[in-house]
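Examining the three-dimensional arrangement
In case you want the letters, here they are:
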Amino acid sequence: MTAVVCGADEAVAAVRDGDTVLVGGFGMAGMPVTLIDALIAHGAGELTVVSNNAGNGDTGLAALLAAGRVRKVICSFPRQADSWVFDGLYRAGRIELEVVPQGTLAERMRAAGAGIGAFYCPTGAGTPLAEGKETRVIDGRQYVLEYPIRGDVALIRAHTGDRMGNLVYRKTARNFGPVMATAAALTIAEVVRIVEPGVLDPEAVVTPGIYVDRLVEVPE
């Protein structure tokens, strides 16, 4: 049952040291900045963060990294023009990195939510990303065995949610939110507004409330 909580601090109170945290967002689009700020204030550390990239500028995920709370990042794009926080930590040997191709990253989380034990994928075959992984030739093509990525917690952002936890996203801010919601033991969503059940068009609901444990309203 989805719990509507009064604030982001209450929403993230269950995050523990050493947790694997799935963080939604494609760059800053769809990033749950308010929940991340609350996580920084909460104080949990030694986290493994799974996200599309390793932070932008000095806010959101980058602020979490700068606070020294993250032990390892699993992402597709660790470096871009404004990833100076991650760059500094990585060059100093203060953070671990696992690079996963973007489609594979999404599919590994989807597999976790779907109960799939593992899957073969051609992406990365024959490259350093496949080193140490089981490979197999299927129909004349080399594939790499990939395992699901499960989160202890998912922090995601949607546009609108109802009090039952059903979520609607806004355009590209949707990105990784839906698969992350299914792949975590505890899913926390921040939304621009919360409406009563029945207001959302059922055909527009992307993430059903059964996947959302906590919901907090963060008006724009």
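Residues numbered from 1 in each chain as written. Predicted model: local features only at pLDDT ≥ 70, side-chain atom pairs only at ≥ 80, totals over all residues. Heavy atoms only, no water.

Turning next to the side chain of asparagine 166. In this structure, asparagine 166 sits in the loop between strand 9 (151-162) and strand 10 (167-168). In this structure asparagine 166 comes out as buried when scored by relative accessible area, which is 17%. Separated by 2.8 Å, the side chain of asparagine 166 and the backbone nitrogen of glycine 209 make a polar contact. Those residues within four positions of asparagine 166 in sequence are excluded, and the remaining contacts are Thr160, Gly161, Leu200, Val205, Thr207, Pro208 and Gly209. (Helix = DSSP H or I, 4+ residues; strand = E, 2+ residues; numbered from the N terminus. Buried < 20%, exposed > 50% of the residue type's maximum accessible area, 1.4 Å probe, protein only. Polar contact = N/O pair within 3.5 Å; in protein donor to acceptor, adjacent residues only side chain to side chain. Contact = heavy atoms within 4.5 Å.)

The next subject is the pattern of salt bridges. Summed over the entire model, instances satisfying the criterion amount to ten salt bridges. The partner of glutamate 146 in a salt bridge is arginine 108, with the nearest N and O atoms 4.0 Å apart. Taken as a pair, glutamate 146 in strand 8 (residues 141-146) and arginine 108 in helix 5 (residues 102-114) lie far apart in primary sequence, 38 residues in all. For the pair formed by glutamate 146 and arginine 108, the shared burial category is buried. Note that lysine 133 is salt-bridged to glutamate 146, the shortest N-O span being 3.0 Å. You can see lysine 133 sitting in the loop between strand 6 (119-121) and strand 7 (135-138) and its partner glutamate 146 sitting in strand 8, a full 13 residues away along the chain. According to the relative accessible area criterion, glutamate 146 is buried, its value standing at 4%. (Salt bridge = Lys/Arg side-chain N within 4 Å of Asp/Glu carboxyl O.)

For helix 4 (residues 84-91), the full list of buried residues reads Val85, Phe86, Asp87 and Leu89. Just downstream of helix 4 lies glycine 93, where phi reads positive at about 70°.

Looking now at the packing of aromatic side chains. Scanning the entire structure with this criterion turns up one aromatic pair. A centroid spacing of 5.5 Å and a plane angle of 20° characterise the contact between phenylalanine 86 and tyrosine 90, whose relative ring orientation is stacked. Highlighted residues: phenylalanine 86 and tyrosine 90, both in helix 4, separated by four residues, approximately one helical turn. On the accessibility criterion, phenylalanine 86 (2% relative accessible area) is buried. Classification of tyrosine 90 by relative accessible area gives partly exposed; the value is 44%. (Phe/Tyr/Trp six-rings, centres within 6.5 Å; stacked < 30°, edge-to-face > 60°.)

With that settled, consider the sheet that holds strand 8. The pairing of strands in a sheet comes from backbone hydrogen bonds and takes either a parallel or an antiparallel form. The antiparallel open sheet is built from three strands, whose spatial order is 6-8-7. The sheet is open, and its two edges are formed by strand 6 and strand 7, each paired on a single side. In this sheet, neighbouring strand axes are inclined to one another by 45° on average, regardless of whether the strands run parallel or antiparallel. Strand direction decides the pairing type here: strand 6 and strand 8, joined by three bridges, are antiparallel. Looking at the pairing, cysteine 121 lines up with valine 144 of strand 8. Strand contacts of helix 5: strand 6 and strand 8, with the helix running at about 170° to strand 6, the strand carrying the most contacts. (Pairing = 2+ DSSP bridges. Axes fitted to C-alpha atoms, helices over the stretch in contact; angles between N-to-C directions.)

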